[in-house]
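Now for the letters of each chain:
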Amino acid sequence: MKATAKAHPIQGLVKYHGMRDDDLRLPYHDSISVCTAPSHTKTTVEFRPEADGDEYRIDGEAVTGRGAERIEHVLDHVRALADRDDPVRVESENSFASNVGLGSSSSGFAALATAAVEAAGLDLTRPEISTIARRGSSSAARSVTGGYSDLHAGLNDVDCRSERITGTDELEAEHRIVAALVPSYKETEAAHEEAADSHMFDARLAHVHDQLAAMRDALRENDAERVFEIAEHDTLSLAATTMTGPAGWVYWKPETLAVFDAVRDLRAEGVPAYFSGDTGASVYVNTTAEHVDRVESAVADCGVETRSWRVGGPARVLASSEALF
């Protein structure tokens, strides 16, 4: 009846943009990401038959509006699978800044789905849990399976689920991510809703399949620089699409561009550093363990707050002693 889970947020390496089904959150094409640790979301879920209704809190604040609707959508699917209709209490905490482009919705819904499945007594694999998390955020599906994960596009839960890419142990040990935190509120859902209205969208769809194939190959070859380079190119492709939609979303700030320039300066000096970003002003800089200190110093010199992360594992259930209530 009660369980707690922990999940790491994701950095999109080849990102999805737009959804063919907003209710089931089915993306138009596959997407690949890497989980970033030790950043995480911890969530406790409890089914309470005696309660009057659901209760949701994130970082101590009650969740209402669209946020509550997305949580309820995930929980209703778990309730349907478990054949129960009990009210649910949810408490969630993030170890990192949210809504600045660092993937808090991915870890949030991954932890929610994993804890809810455990609390409901369901016996599901991580790919199966990923289809539940996807109903809150498509990126959350990949947060469930962890490491380098691939969310396959499809029209149902059998096809549209996440699987972890194997054979990447060497890369996982060497990969480091420097996060440059650039505060800026973003509207990811709105950008997804109008994605197909950009005149660049069809060009992205035609191009992204080659990017996906190249990324899978680079990951299996444990080729760090190739992985990082493809992710940088995909970041620019995604931005071209979001910037040319009806609303003309421009998420980047002066600090964002300063980090881009610093990264390219490092690369000119022989340092394997490549920028990456999702829908937001914050920046990921992908590099290796050997160079991470130098990269973080150069990024910090741009006047932004930094974090140094590594590759994170899948969502997991925690001991009852770690419950948030």
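For the structure itself, look to the data block above.
Attention in this report is confined to the structure presented alongside it. In this text the structure is predicted, and so the values were computed from the model without any measurement.

Conventions we followed
- Residues numbered from 1 in each chain as written.
- Predicted model: local features only at pLDDT ≥ 70, side-chain atom pairs only at ≥ 80, totals over all residues.
- Heavy atoms only, no water.
- Helix = DSSP H or I, 4+ residues; strand = E, 2+ residues; numbered from the N terminus.
- Rg over C-alpha atoms; globule rule 2.2 N^0.38 Å.
- Contact = heavy atoms within 4.5 Å.
- Disulfide = S-S within 2.5 Å.
- Salt bridge = Lys/Arg side-chain N within 4 Å of Asp/Glu carboxyl O.
- Buried < 20%, exposed > 50% of the residue type's maximum accessible area, 1.4 Å probe, protein only.
- Axes fitted to C-alpha atoms, helices over the stretch in contact; angles between N-to-C directions.
- Left-handed = near helix turned anticlockwise from the far one by under 90°.
- Nonpolar A, V, L, I, M, F, W, Y, C, P; charged D, E, K, R; others polar.
- Phe/Tyr/Trp six-rings, centres within 6.5 Å; stacked < 30°, edge-to-face > 60°.
- Pairing = 2+ DSSP bridges.
- Core = buried A, V, L, I, M, F, W, Y, C linked by side-chain atoms within 4.5 Å.
- Patch = residues over 30% accessible without salt bridge, like charges linked within 9 Å, V, L, I, M, F, W, Y side chains within 5 Å.
- Areas by Shrake-Rupley, 256 points an atom, 1.4 Å probe, with all protein chains shown as cover.
- Lys, Arg positive; Asp, Glu negative; His and termini not counted.
- Charge placed at Lys NZ, Arg CZ, Asp CG, Glu CD.
- Expected span 1.5 Å × (residues − 1).

### Considering the overall build of the chain
In step 1: If you tally the helices and strands in the chain, you get ten helices and 16 strands.
In step 2: Relative to the 2.2 N^0.38 estimate, which gives 20 Å for 325 residues, the radius of gyration of the chain is 19 Å and therefore close to what a compact globule would have.
In step 3: Seen through its principal axes, the chain has C-alpha atoms that stretch 65 × 40 × 35 Å.
In step 4: Long-range contacts, defined as pairs at least 24 residues apart, comprise 76% of the intrachain contacts of the chain with a sequence gap of at least 6.

### With respect to the state of the cysteines
In step 1: Applying the stated rule across the entire model yields zero disulfides.
In step 2: Sulfur of C160: no disulfide; nearest cysteine sulfur belongs to C35 and is 17 Å away.

### With respect to the pattern of salt bridges
In step 1: This model, assessed by the stated rule, comprises 18 salt bridges.
In step 2: Salt-bridge contacts for E232 lead to R267; the nearest nitrogen and oxygen are separated by 3.0 Å. Here the residue E232 occupies a position in helix α8 (residues 224–243), and R267 occupies one in helix α9 (residues 254–268), the gap between them amounting to 35 residues.
In step 3: Since its relative accessible area comes to 24%, R267 is described here as partly exposed.
In step 4: Here the salt bridges do not stand alone but share partners, grouping K15, R204 and D234 into one network.

### Considering the packing of helix α2 (residues 104–119) against helix α4 (residues 138–145)
In step 1: α4 packs onto α2 with a crossing angle of 65° between their chain directions and a minimal axis gap of 7 Å. Like other packed secondary-structure pairs, α2 and α4 cross with a definite hand, here right-handed. Where α2 abuts α4, its residues S105, S106, S107, F109, A110 and T114 lie against S139, A140, S143 and V144.
In step 2: Considering only residue class, the contact of α2 with α4 consists of four nonpolar, six polar and no charged.

### Describing the packing of aromatic side chains
In step 1: Applying the stated criterion across every chain yields a total of five aromatic pairs.
In step 2: On the basis of an interplanar angle of 70° and a centroid distance of 5.1 Å, the ring pair of Y28 and F201 is categorised as edge-to-face. Here the residue Y28 occupies a position in the loop between β4 (26–27) and β5 (31–37), and F201 occupies one in helix α7 (residues 201–220), the gap between them amounting to 173 residues.
In step 3: Between F260 and F275, the aromatic rings sit 3.9 Å apart at their centres with planes inclined by 15°, giving stacked as the arrangement.

### Considerations on the sheet that holds strand β1 (residues 2–7)
In step 1: Taken together, the six strands give an open sheet; going across it, the order is β8-β7-β9-β6-β1-β16, and neighbouring strands pair in mixed fashion. Of all strands in the sheet, those bounded by a partner on one side alone are β8 (61–62) and β16 (316–317).
In step 2: Alignment of β1 against β16, held across two bridges, turns out to be antiparallel. Directly across from A5, in β16, lies its bridge partner V317.
In step 3: Along the sheet face, α2 touches β1, β6 (41–47), β9 (88–94) and β16 and points at about 35° away from the line of β6.

### A look at the nonpolar core
In step 1: Counting 31 residues, the largest nonpolar core has V45, Y56, I71, L75, V78, V90 and L112 as the members making the most contacts within it.
In step 2: Among the secondary structure elements, those contributing two or more residues to this core are β1, β6, α1 (65–82), β9, α2, α3 (126–133) and α4.
In step 3: For this core, the element with the most residues is α2, which contributes nine residues.
In step 4: Apart from residues no more than four positions distant in its own chain, Y56 is found in contact with E61, A62, V63, A68, I71, E72, L75, R79, V88 and V90.

### Some words on a negative patch on the surface
In step 1: Taken together, the side chains of E221, D223, E225 and E229 define an acidic patch exposed on the protein surface.
In step 2: Relative to the elements of secondary structure, D223 occurs in the loop between α7 and α8.
In step 3: For D223, a relative accessible area of 32% corresponds to the partly exposed category.

### A look at the environment of P314
In step 1: Mapped onto the elements, P314 comes out in the loop between β15 (305–311) and β16.
In step 2: Classification of P314 by relative accessible area gives partly exposed; the value is 21%.
In step 3: Distance from P314 to T44, taken between C-alpha atoms, is 17 Å for residues 270 residues apart in sequence.
In step 4: Dropping the residues within four chain positions of it, P314 is found in contact with K6, R126, S143, V144, T145, G146 and R164.

### With respect to α2
In step 1: The terminal C-alpha atoms of α2 lie 22 Å apart, and with 16 residues this matches the ideal 22 Å at 1.5 Å per residue to within 8%.
In step 2: Across the 16 residues of α2, 14 count as buried, placing the element largely inside the fold.
In step 3: Just beyond α2, the residue with positive phi is G121, at close to 80°.

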